[in-house]
Structure formats: C-alpha cells, structure tokens
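Topology and contacts: notes
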Amino acid sequence: MEETPQSENPKLRDLEKNILKHEESAMTTDQGLKINDDHNSLKAGDRGPSLLEDFILREKITHFDHERIPERIVHARGSGAHGVFKLHESLNKYTKAKLFSEVGKEVPVFVRFSTVAGSKGSTDLARDVRGFSVKFYTEEGNYDLVGNNIPVFFIQDAMNFPDLVHAVKPEPHNEIPQAASAHDTFWDFISLMPESMHMIMWAMSDRGIPRSLRMMEGFGVHTFRFINENNQSTFVKFHWKPKLGVHSVVWDEAQKISGKDSDFHKRDLWNAIESGDFPEWELGVQLIAEEDEHKFDFDILDATKLIPESEVPVHLVGTMTLNRNPDNFFAETEQVAFHPGHLIPGIDFTNDPLLQGRLFSYTDTQLSRLGSPNFHEIPINRSINPIRNNQRDAHMRMQINKGAVSYHPNTIDGGCPFQAMMKDGGFHSHEERIDAKKIRNRSKSFMDHFSQARLFYNSQTKTEQQHIINALQFELSKVERPHIRENTVNQLTNIDLKMAQEVAKVLGIRVPENRVAPVNESKPAGADESHYASEVRDPKTKSDDALSIIKNVKNASKSRKIAFISIGNHTAEKLKSISNQLEEAGSKLKVVSSQLGSLKSREGHEVKVDETLFNTASVLYDAVIIGDESRSGKEILNNGKVKEFVMDAFNHCKPILVLSDSKTFIEEMGFPCCKNELKSAEELYIDTTTEGFLRSLSKHRHWDREELI
Ligand code: HDD
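Not measured: the values here are computed from a predicted model.

Basis of the calculations
Residues numbered from 1 in each chain as written. Predicted model: local features only at pLDDT ≥ 70, side-chain atom pairs only at ≥ 80, totals over all residues. Heavy atoms only, no water. Buried < 20%, exposed > 50% of the residue type's maximum accessible area, 1.4 Å probe, protein only. Helix = DSSP H or I, 4+ residues; strand = E, 2+ residues; numbered from the N terminus. Contact = heavy atoms within 4.5 Å. Near = heavy atom within 4 Å. Polar contact = N/O pair within 3.5 Å; in protein donor to acceptor, adjacent residues only side chain to side chain. Nonpolar A, V, L, I, M, F, W, Y, C, P; charged D, E, K, R; others polar. Domains from an automatic or database assignment. Buried area = accessible area lost by both parts, 1.4 Å probe. Salt bridge = Lys/Arg side-chain N within 4 Å of Asp/Glu carboxyl O. Phe/Tyr/Trp six-rings, centres within 6.5 Å; stacked < 30°, edge-to-face > 60°. Core = buried A, V, L, I, M, F, W, Y, C linked by side-chain atoms within 4.5 Å.

A word on helix α18 (residues 662-669)
Of the residues making up α18, those classed as buried are Ser 662, Thr 664, Phe 665, Ile 666 and Met 669. Looking at the buried residues of α18, the elements they touch are β16 (623-626), α16 (634-637), α17 (640-651) and β17 (656-658). Within two residues after α18, Gly 670 carries a phi angle of roughly 60°, on the positive side.

Right under this line is the structure:
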C-alpha cells in the first residue's frame, strides 16, 4: 500500500513527502535489502582486511565483473531510436500483412543504425556500409527488416560471409586497422571476388561517409515475397527514403570528424530527436509480378544486383518517424536482437542464397551474445502479441509457465495452445515447387559481375566519380603488397578503364592505354574459378539518375547546423535576422567565439556563446558565417583558429557567408587558388548576402568549388 503524508501542517507535509520519496528511492541490493553504507566494505577493524562475508560488496563487484557482453561480430557500433510507422497506401492487393494493408495504422518500431566493421568503441565516420535495421512490433508478431544503406551486398552466397568479415576486420596478428577497410587482407579478398565489385563502387562512393544517419537511404537488399489473401506471391524490394534527402561528407572531413567527435552520427541522431526534430523516412516498395521473375538481364535472387528504379519504380507507401531516444543504451540498443527470419504472415523469403544463410546466423549469434534462447523475453525484443508455446526453461527464463503441459498435441490442456488456422493469421510458408538436383554450385545467371558496377559508376556525376577514384586511391595506397594493388586495379578495368587508370596513377601501376576490359582474363593465384568466371552482358539500363546523390539534392537547408563566428565585431541586429531566417528554414545557428560566456555586439548587446574555437571545428558544421561586419574584416582573420575554420569549410565545399568586405576577406584568407590571381567571392562560391547563403545551404555543398582546390 502506498504511504501518504499524515501531517496537517503544509510545511511538515512537504517534509514528510520528501522523506517518503527518499524511502522509495532508497538503495537496495538485488534482493531488495535496503543498503545503509554503499561506500565502505566490511572489514575486521578500521584498517583491517576485508571480510569474505561482505555479501553487499560481493554482489556489487560480481555484477560489475559481468557487465560487458560480447559485442556483435559485425555491426558492433550502433545507435538506436524508437518510433512509429504509419501506412498511407494499402498494399493489400499484394500482401495480407496487416502492417502493409491497413491504412492509417500506427505500428511501433525500434530502429538500430550501425557501422559494420568497427568495434563498439570505434568512430562513426569510418568509410563503411551502414546497417539500417527496423523492428516493427505488429499485432501479428515482430517483423524485422534488417537492411543496409546500400542496396547490394559484397557476396552472393552466405558461405563467403565469414571470409568477407575476417578479411575486413582488423588483421588478426596486430588488430590493425580499426574500422577501416584500407588494408591488405580486405583488398586481397576483394580482388579475388569479382562479384564484390558492384558493392565496392557503392562503398567507395560518398554513400560510405553519410552526413547523418537521418540523411541516408535504407534498403532490404534481398528480393522478398509478398503473399496476399489468395496465397499469390509478388516479389518485393524494400527502400527507405529519408525526408531530409541523402547527403554525405567528404573524405578529408570524415577523417577530421573522427578525431574531433567520434560520436558525430550518434550525437546528431540523439540531439535531433531530443529537440523534436524527428527524422522521417518514406517506405518504398518495388513490386515484381511472379511471372516477371526472369525478365531482367540479371537474377533477382542475386544480392549483388539491384533493380534499377527506371525499370521498376519505387512506390512510397508509408512513413516512419523516429520520435523517442532509448532510456538505456544497453537495455535497448545493445540488447535488441534482429533477425531477417522474424516474419509475419504476408511476407516470405526467396531462395536468395545469401538470405538463406542469414536465416541460420542471426538466432545463433544471439545465443552467444545474449546468452540464452530466452533473448525474446528481454523487453526490447518482446512481441506485443502474447507468446504461447511449449518452449520452456533455459538460462534467465522470465515467463512463469503454469500447469503440467508443455507439449503438443495434448488433451490435458484441451489441446492448448492451438495451432492457428491460416485464416486466423497462422503463418504458412509460401509453397514453391522445387525440382532440382542437390548441388554445390552457383547459378550461371549470377555470373555478370561488372555490368551493374558500371551502371552505378556511369550514373554518377563527374564530382561523384572523382570521389570514388579518390577513395580507391586512398584505400589502395594503404595496401602494402603490390600484387594486391595490381589485382584490384585489374578488376577495376572491367568496370571502367579510365577510372582504373586514374586510380593506378597514384599507386605506381601502369594500365596500358589500349587495354580492353578483360572480362574473362586468367584468374589470379588463389581465386576460385567459379567466382572468377564472369559473363559479358549488354544490360538494358546503362545509367540511372536515382543512383546518384548529387542529381537528387533538393532543398537541403533543413536540419542544418551553422556556425556564426564572431569575436565581437558583429551587429546584434544582423545576427538576429540571420538566426530567424535559418530557423524558418529549419536549421540552427550556433555562436562560436574565442571563449565561453557572453559576447558583446558592436551595439553592446550580449549574446550567449555556444561553442569556442578551441572545442569545436568547421567539420562539425554544415556551413559558416563570418559575423565580423567591420569594413576591413581583418581583425577576425588574425585569429589562426578562425582561418583554419574557414579554410576547412572552403575545402569541404561548404556554404560560407562573409558580412565584411569580401575582397579584403579573400585577400586575407590567402586561398591557394588565389595565389596567382585574386578571385571574386562569386568565383569562389562565397556568399555575401543572406539570401545567397540560404540558396547555397539548400544545395548542401558547392561541388564546383572542387575544381579550384
Ligand atoms: Fe548481417 C548483423 C545487415 C548479411 C550475419 N546484419 C547485421 C545487422 C545488420 C545486418 C543491419 C545489425 C543488426 C543490429 O543492429 O543488431 N547482413 C545485413 C545485410 C546483409 C547481411 C543487409 C546482406 C544483404 N549477415 C549477413 C550474412 C550473415 C550475417 C550473409 C551470415 C551468414 N549479421 C550477421 C550476424 C549479425 C549481423 C553475425 C551480427 C549481430 C547480429 O547478427 O545480431 O548474425
């Protein structure tokens, strides 16, 4: 029974309330015993030895000793959030899943984003694929869509997964490098697995270094099946399209962010949700009729291929909003257990051999990670549909099953729990006729390894192609063994000869001018013939704008962080007006100065300083405003930190607004591209008006500036 304060006197009542509150929050042992001293262990005398009898100390230390659990073998570093999915277009013609057929229905979700290769404590901005896992808590059971931010995968068969992961993880003898793929074992494996070339193009593109977890797409990767009420199947590919658009940082920026704030993505997601700026994605589906399975010039069961959006459009059918941060990282983000085999009626697998292997792996890994087959009872993994079955016992069982019966069929419990009829939502695997030889082989239809890698490369803008070349140059120049660099460049010639030649330039390798893309060239030592054989195809789609980030940038000025740098020569009026305009555009301005506290404007108004030039850096912002309004604007640039800030923003193609005289500013900055001839603000893509700056912000970056750098 709850105790209530007894006193008539209001002051005493308050005091009593506090005492009662105190009572409620009294510290206890795990057995509920109130602890009177949590600071001193039990000893024989003040200075004496500690006593074995001290069960309070032992309980505390034992719990502490076991606090860490094994991190995920891949996707160890993650950020999670709660949210809701709402359907706005029914797919009931294709699927009986209530989640995708009842319009307006809100289904709770938990999402975990992750990097793949790095350990739990690694940096967010490593060049890597990002995991994008969604758990839908539906009334028909949990449905997990365990995807990535890239629509294809490195390999075609799960049999190669342990090798891929061993190759990309730090080398086993010295545990170097952490979270990076720029090393010999990874590229050795890749160069011997031509099927990985399509994924390599994506990973080396700007997709591998997102600006924010809120600004990346998600993909289910495999082709799945929808099953409708009449048991008809339709193939489906899942897409998540971020409402903020897709945006990335540049590689130099990514490396600097890793030093300045290794939690950059985690913090960005957390702060956005905390401030009510809820990230949203549209769920899209590509639907392929069962009879069209073989109409493509690739195999839809091959996870190294995507279905071009120009061939099968993406229908947007619902919105996912992330609106609540986890209460406890360990209990939720760490203990959440995803599995592509967590299905609901109306959704089923295909025979994609990568997906089939995954179906075994995920439950198995939770057993060693979470320690028991009862991991489904951990609150974050619990289905909202009550669990009734004959599974019993095992480590850390929470459910108290009553009665004598734990088998089926039975009469003692009247046959309970019943098997559900299909019409009542009982799951039934899609019936598919299989008449085949048992065989360990790869389908010939999986053998075109390069057409889609080429499609991806051809669909990029010149800027994006250059970024891919630069990334390959960086990664491969870290590879110590020359033959691995050569084998990889040889693979690249199968995609685009010019690209391969550009990459080769900085590696000290010569690729002959007249080398014709050698699709079936003799395999390098160590390569498996079946992987290496590649078919030449002439695919229908040669270029698809949907694959480029830059071609799809729309209004990017929402949810941006802008630095307003001042050391006192700004006007309060201008600061306020810019801040208001940015807020209207959905972005936030932060005042950066040389010290914390408050800063005086030219009119003497005080403004709070958010960050200092010592604790922050340009790479943590989307754009920069030099607030100095003095005519010369020289004083602020005497500060080396300000200069460094602007130079980084300039080199990373970010919007820059200068409020003082732009000619003096450009002279004082001494941009290397102005060494021989002073360029105008316009030529350098530097803004001098707020309107121009807002336009620049909506483009994300001035990529044309790269030509000057
Ligand atoms: Fe996987 C985790 C995505 C292939 C084995 N995978 C994991 C996570 C994501 C993916 C997002 C993190 C889940 C979380 O946040 O907890 N994996 C993929 C995608 C793949 C893929 C999109 C290919 C299309 N994975 C794949 C294969 C295997 C695994 C082929 C093994 C045969 N994946 C695992 C795993 C993990 C995992 C070892 C580690 C932690 C976990 O499962 O829960 O079982």
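Quick word on the site of the ligand
Surveying the vicinity of the ligand reveals 24 residues, the closest of which are Arg 72, Arg 112, Arg 358, Tyr 362 and Gln 366. Between a nitrogen atom of the ligand and a side-chain N or O atom of Arg 358, the distance comes to 3.3 Å. The contact in question runs from an oxygen atom of the ligand to an N or O atom on the side chain of Ser 361, over 3.1 Å. Elements with a contribution of two residues or more to the shell around the ligand: β3 (130-138), β4 (141-148) and α9 (353-370). For the shell around the ligand, a count of residues per class yields 11 nonpolar, 10 polar and 3 charged.

Comments concerning the side chain of Arg 211
Its location among the elements puts Arg 211 in the loop between α5 (197-204) and β5 (218-219). What makes Arg 211 buried here is its relative accessible area of 5%. Setting aside its immediate chain neighbours within four residues, Arg 211 contacts His 247, Ser 248, Val 249, Phe 264, His 265, Asp 268, Ser 559, Arg 560 and Asp 622.

Considerations on the environment of Thr 321
Within the secondary structure, Thr 321 sits in strand β9 (residues 315-324). Remark: the alpha-carbon pair of Thr 321 and Ile 273, spanning 48 residues in sequence, is separated by 9.9 Å. When residues no more than four places from it in sequence are discounted, the contact partners of Thr 321 are His 82, Gly 83, Val 84, Phe 278, Pro 279 and Glu 280.

Re the domain arrangement of the chain
Often, the extent of an interface is quoted as the loss of accessible area upon association of its parts. Under the domain assignment used here, the chain contains domain 1 (6-65), domain 2 (80-157 + 209-381) and domain 3 (555-707). For domain 2 and domain 3, the distance between their C-alpha centres works out to 37 Å. Across the boundary between the two partners, domain 2 contributes 17 residues, which contact 16 residues of domain 3. Both sides of the domain 2 and domain 3 interface together cover about 1400 Å² of buried area, and 51% of this is carbon and sulfur. Counting every contact that joins domain 2 to domain 3 gives 4 salt bridges. Residues Asp 622 and Arg 211 are paired through a salt bridge, measuring 2.6 Å at the closest nitrogen-oxygen approach. Run the count over domain 2 and domain 3 and you get 8 residue pairs in polar contact (both at pLDDT 80 or more). Per-element tally for the side of domain 2 that touches domain 3: the top contributor is helix α6 (residues 251-260), with 5 residues. When its residues are assigned to classes, the side of domain 2 that touches domain 3 shows 6 nonpolar, 3 polar and 8 charged.

Looking at the packing of aromatic side chains
Scanning the entire structure with this criterion turns up 25 aromatic pairs. Geometrically, the ring pair formed by Phe 132 and Trp 281 is edge-to-face, given 5.5 Å between the ring centres and 85° between the ring planes. One end of the pair, Phe 132, is in strand β3; the other, Trp 281, is in strand β8 (residues 280-289), with 149 residues separating them in the sequence. When sorted by exposure, Phe 132 lands in the same class as Trp 281, which is buried. Taking 6.1 Å as the distance between ring centres and 90° as the angle between the ring planes, the aromatic pair formed by Phe 154 and Phe 186 counts as edge-to-face. Of this pair, Phe 154 sits in the loop between β4 and α3 (161-168) while Phe 186 sits in helix α4 (residues 184-191), and the two are 32 residues apart along the sequence.

Considering the nonpolar core
One finds Trp 187, Met 201, Leu 472 and Met 499 to be the most contacted residues of the largest nonpolar core, which totals 53 residues. For this core, the elements supplying multiple residues, two or more each, are α3, α4, α5, α10 (451-458), α11 (462-477), α12 (482-493) and α13 (497-505). Per element, the largest residue contribution to this core is 7 residues, and it comes from α5. In this structure, Ala 81, Leu 91, Phe 113 and Leu 269 belong to the second largest nonpolar core, which totals 36 residues.

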